[in-house]
Amino acid sequence: MSYFRSDAEIEHIARGLLERSLPKPEWTHAAHFAAALWLLRERGVRVISEMPPLIRAYNEATGVQNTDTTGYHETITVASLRAARSWLADRPGTALHAVLNELLATPVGRSDWLLTYWSKAMLFSVQARRVWVDPDLRPLPFV
């Protein structure tokens with residue numbers, strides 16, 4: 001299955017995040033990974049520390065509050081960035097849209113993929129939203 005046809009589509013999402021102009025309905029699970037892959041390729045690993053304020057600012061610009069129950073989620077963000085970084089590192093020189101389409105065709109492409117590693121109670125706890133919390137079911141295969 002092909003989700004994205006070009007790297008330009010991915011860049012559009014990432015720039016929309018950066019500029020806080022991406023329409024909220026376009027900020028999907030796939031779009032999160034699109035932005036992560038583009039930013040990782042463009043900015044390298046430093047994006048891991050840049051992503052929290054980017055997402056928080058985007059949320060605020062689109063009317064989403066960052067609270068203990070909504071908005072930015074540290075554990076989900078870090079786990080997803082680790083998965084994206086690993087996936088990208090294993091495919092040097094591959095077009096970004098091809099990398100993303102491959103990733104989305106795996107279990108990681110499902111919005112509930114993290115529940116393989118974290119219990120629902122742990123993953124959606126206030127603590128996991130605020131700071132990184134190690135998986136409580138099985139180790140995350142991405143470092």
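Residues numbered from 1 in each chain as written. Predicted model: local features only at pLDDT ≥ 70, side-chain atom pairs only at ≥ 80, totals over all residues. Heavy atoms only, no water.

(A) Spotlight on the pattern of salt bridges. All chains considered together, the criterion is met by six salt bridges. Across the salt bridge formed by E50 and R46, the nearest N and O atoms sit 3.1 Å from each other. Since its relative accessible area comes to 22%, E50 is described here as partly exposed. With its nearest N and O atoms 2.7 Å apart, the salt bridge here joins E102 to R91. (Salt bridge = Lys/Arg side-chain N within 4 Å of Asp/Glu carboxyl O. Buried < 20%, exposed > 50% of the residue type's maximum accessible area, 1.4 Å probe, protein only.)

(B) Seen up close, the packing of helix 2 (residues 29–43) against helix 5 (residues 96–104). At a minimum axis separation of 10 Å, helix 2 and helix 5 run at an interaxial angle of 140°. Taken together, helix 2 and helix 5 sit at an angle that is classed as oblique. You can see that helix 2 and helix 5 cross each other, and the crossing is right-handed. Each of A30, F33, A34, L37, W38 and R41 in helix 2 lies in contact with helix 5, whose residues at this interface are L96, V99, L100, L103 and L104. Residues of the contact of helix 2 with helix 5, tallied by class, amount to ten nonpolar, no polar and one charged. (Axes fitted to C-alpha atoms, helices over the stretch in contact; angles between N-to-C directions. Helix = DSSP H or I, 4+ residues; strand = E, 2+ residues; numbered from the N terminus. Parallel < 35°, antiparallel > 145°, perpendicular 65-115°, else oblique. Left-handed = near helix turned anticlockwise from the far one by under 90°. Contact = heavy atoms within 4.5 Å. Nonpolar A, V, L, I, M, F, W, Y, C, P; charged D, E, K, R; others polar.)

(C) Here's a closer look at the side chain of R129. The residue R129 is located in helix 7 (residues 126–130) in this model. For R129, which is buried and forms no salt bridge, the nearest opposite charge comes from D68, at a distance of 6.5 Å. Here the side chain of R129 touches G71 through a polar contact of 2.8 Å, landing on its backbone oxygen. Setting aside chain neighbours within four positions, we find R129 in contact with T67, D68, T69, T70, G71, Y72, H73 and E74. (Lys, Arg positive; Asp, Glu negative; His and termini not counted. Polar contact = N/O pair within 3.5 Å; in protein donor to acceptor, adjacent residues only side chain to side chain.)

(D) Inspection of the side chain of N59 at higher detail. Mapped onto the fold, N59 is located in helix 3 (residues 47–61). Apart from residues no more than four positions distant in its own chain, N59 is found in contact with K24, W27, V64, N66, G71 and Y72.

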